[in-house]
Amino acid sequence: MKVLFVHEGYLFRKNGNVCSYAYSKKTVQRYKAIAEEVVFLSREDNSLGNDGQYNVFDEPGFKFVGVKNFKSLKGLRNLSEVKKTVRRTVEDADFIVARVSDLGFYATQYAKQLNKPVLVEVVGCSRDALWHHSLQGKLLAVPSFLKEKKMVKNAHYVLYVTQFFLQKRYPSGAKTLACSNVELGETDNSIVDKRIKKIDGMENKTITLGTLAAVDLKYKGFETAIKAIKQLVNEGYAIQYRIAGPGNSEWLQKIINRYQLQGSVMIQGPIQHDHVFEWLDTIDIYIQPSITEGLPRALIEAMSRACPCIGSNAGGIGELLTESYMFPKKDDKALTKLLRSIRKEDLIECSRANYERAKDYRQEVLENRRNQFYREFSETLEKGTSNE
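What you see is a predicted model, and the numbers here were worked out from it, not measured in a lab.

### Considering the environment of N248
Within the secondary structure layout, N248 lies in the loop between β11 (239-244) and α9 (250-258). For N248, a relative accessible area of 45% translates into the label partly exposed. Taking the C-alpha atoms as reference points, N248 and S47, 201 residues apart in sequence, are found 12 Å from one another. Leave out the neighbours within four places in its chain, and N248 touches V215 and D216. Within polar-contact distance, the side chain of N248 engages the backbone nitrogen of E250 at 2.9 Å.

### Brief notes about the packing of aromatic side chains
Per the stated rule, a full pass over the model turns up 18 aromatic pairs. The ring of W251 carries the charged tip of K218 above its face, separated from the ring centre by 5.5 Å.

### Concerning the state of the cysteines
Tallied over the entire structure, the rule returns zero disulfides. With no disulfide of its own, C307 lies 5.0 Å from the sulfur of C309, the closest cysteine sulfur.

### Quick notes on the pattern of salt bridges
Under the counting rule described, the total for this entry stands at 22 salt bridges. A salt bridge links D200 to K344; the nearest nitrogen and oxygen atoms lie 3.8 Å apart. Of this pair, D200 sits in helix α7 (residues 190-200) while K344 is found in helix α13 (residues 344-358), placing the two residues 144 residues apart along the sequence. R305 is the salt-bridge partner of D281, the closest N and O atoms lying 2.9 Å from each other. Of this pair, D281 sits in the loop between α10 (273-280) and β13 (285-288) while R305 sits in the loop between α11 (297-304) and β14 (309-312); the two residues are 24 residues apart in sequence, bridging distant segments of the chain. We classify D281 as partly exposed; its relative accessible area is 32%. Within the structure, one salt-bridge network assembled from shared partners comprises E8, K71, D102 and K147.

### Things to note about the nonpolar core
Core analysis: the biggest nonpolar cluster contains 86 residues, and Y31, I34, F40, V86, I96, V122 and Y286 have the highest contact counts within it. Per-element accounting of this core gives the leading share, six residues, to helix α3 (residues 102-113). By size, the runner-up hydrophobic cluster in this structure holds 39 residues, among which are I196, I239, I255 and L335.

### What about the packing of α10 against α11?
Interhelical geometry of α10 versus α11 gives an angle of 55 degrees and a closest axis separation of 9 Å. It follows that α10 is oblique to α11 by the angle criterion. Where α10 crosses over α11, the handedness of that crossing is right-handed. Together, H273, V276, F277 and L280 of α10 and E301, A302 and S304 of α11 make up the contact between the two elements. Looking at the contact of α10 with α11 residue by residue, the class counts come to four nonpolar, two polar and one charged.

### Digging into the sheet that holds β13
Taken in spatial order, the six strands of this open sheet run β12-β11-β10-β13-β14-β15, and their pairing is parallel. Both outer strands of the open sheet, β12 (265-269) and β15 (326-327), are each paired with one neighbouring strand and no more. Sheet topology places β13 next to β14; three bridges connect them, and they run parallel. Pairing of Y286 across the sheet is with C309, part of β14.

### Things to note about α11
In terms of burial, α11 is largely enclosed, as seven of its eight residues are buried. Listed in full, the buried residues belonging to α11 are A298, L299, I300, E301, A302, M303 and S304. In the segment just after α11, A306 is the residue with positive phi, at about 60 degrees.

### Some points on the side chain of S42
Relative to the assigned elements, S42 resides in strand β3 (residues 37-44). For S42, the side chain forms a polar contact with the main-chain oxygen of G9, separated by 3.4 Å. Residues contacting S42, with those up to four places away along its chain left out, are H7, G9, L11, F64, V65, G66, V67 and L103.

### Observations regarding unusual backbone geometry
Even without glycine at this site, N15 takes up a positive phi of about 55 degrees. As for its position among the elements, N15 is in the loop between β1 (2-14) and β2 (17-20). Residue N15 is classed as exposed on the basis of its relative accessible area of 75%. In this structure, Q260 takes a positive phi of about 55 degrees despite not being glycine. Note that Q260 resides in the loop between α9 and β12. Of the residues examined, Q260 reaches a relative accessible area of 61% and is grouped as exposed.

Conventions adopted
Residues numbered from 1 in each chain as written. Predicted model: local features only at pLDDT ≥ 70, side-chain atom pairs only at ≥ 80, totals over all residues. Heavy atoms only, no water. Helix = DSSP H or I, 4+ residues; strand = E, 2+ residues; numbered from the N terminus. Buried < 20%, exposed > 50% of the residue type's maximum accessible area, 1.4 Å probe, protein only. Contact = heavy atoms within 4.5 Å. Polar contact = N/O pair within 3.5 Å; in protein donor to acceptor, adjacent residues only side chain to side chain. Phe/Tyr/Trp six-rings, centres within 6.5 Å; stacked < 30°, edge-to-face > 60°. Lys NZ or Arg CZ within 6 Å of the ring centre and 35° of its normal. Disulfide = S-S within 2.5 Å. Salt bridge = Lys/Arg side-chain N within 4 Å of Asp/Glu carboxyl O. Core = buried A, V, L, I, M, F, W, Y, C linked by side-chain atoms within 4.5 Å. Axes fitted to C-alpha atoms, helices over the stretch in contact; angles between N-to-C directions. Parallel < 35°, antiparallel > 145°, perpendicular 65-115°, else oblique. Left-handed = near helix turned anticlockwise from the far one by under 90°. Nonpolar A, V, L, I, M, F, W, Y, C, P; charged D, E, K, R; others polar. Pairing = 2+ DSSP bridges.

Set out below in structure tokens:
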């Protein structure tokens, strides 16, 4: 049996291997709960990976089918060939798992024509992401929203990464599961002890803030955080803001330069997932300043390291943080006020609460629930795709 996983992120080939920033071999293992052969279908860009900070897929039974970019005006000329590749790949698979995206939409439409079982993973809101991307994005936001709703409506099974937010926006009458796609490391109480010791030693030291996200995604809200940091630096606070993630950072560096924060804001590039937790342990306060979100994995990862966290009120962030550690999205003044007001006692309380909350997202808990859902989905092949 063969399962096809369709998503729109980029994979690339280096030294004969298939590689990714966003996915790892654990992702491949996850879909083996459905079938022994796993095929990834996504966009391919072999100019990536020169930094060496990527994950290599070397799992047996794994195959990658890449398509050219079709998401730009220049790339539209590739669309006809992309659709042909999608149809051929769908025809060759027994099960289809598609993340909400244009590529996922094409795959689920062909799967419906071919009577293939479909599971849709709703990991974010495409309308919000496009609306906050550019003028062109605003024009595409509503059509994309309608495609996403259609994908969810036609799916036999639907997995949401949030508990409530995405379910309200993209309701489904199919079998559903609320389960994050975060991959946490092992946890023990020494993590909290080390964090509290770190907080105790913060007085009279430079405070390090951090955000993990693709740096070419403007809707991650970096500018909001940078504006807040500019105000605090002007007030005499010693602050360093570290941003880590893949993508073209030219636009972000221009913003840093505009606010003359070259000495306070650092773009550190991508970090391999195996090293993410080490990086988080160097951060004093984690910030998720997003304008739109599903359920941010990086925020859960930070919470699992007992890191005090602050986030906007976008998407599912409110499912993770309490109101006292949130601010209205795009409101840099509110973020400045929140950062200014936090005391050491607050950080310790937040640290402990975050660690406890993150236990709900432990790998063994999520894997058991997700694998059971995937196995149930795979049984639809024997029963037939009668859920039309």
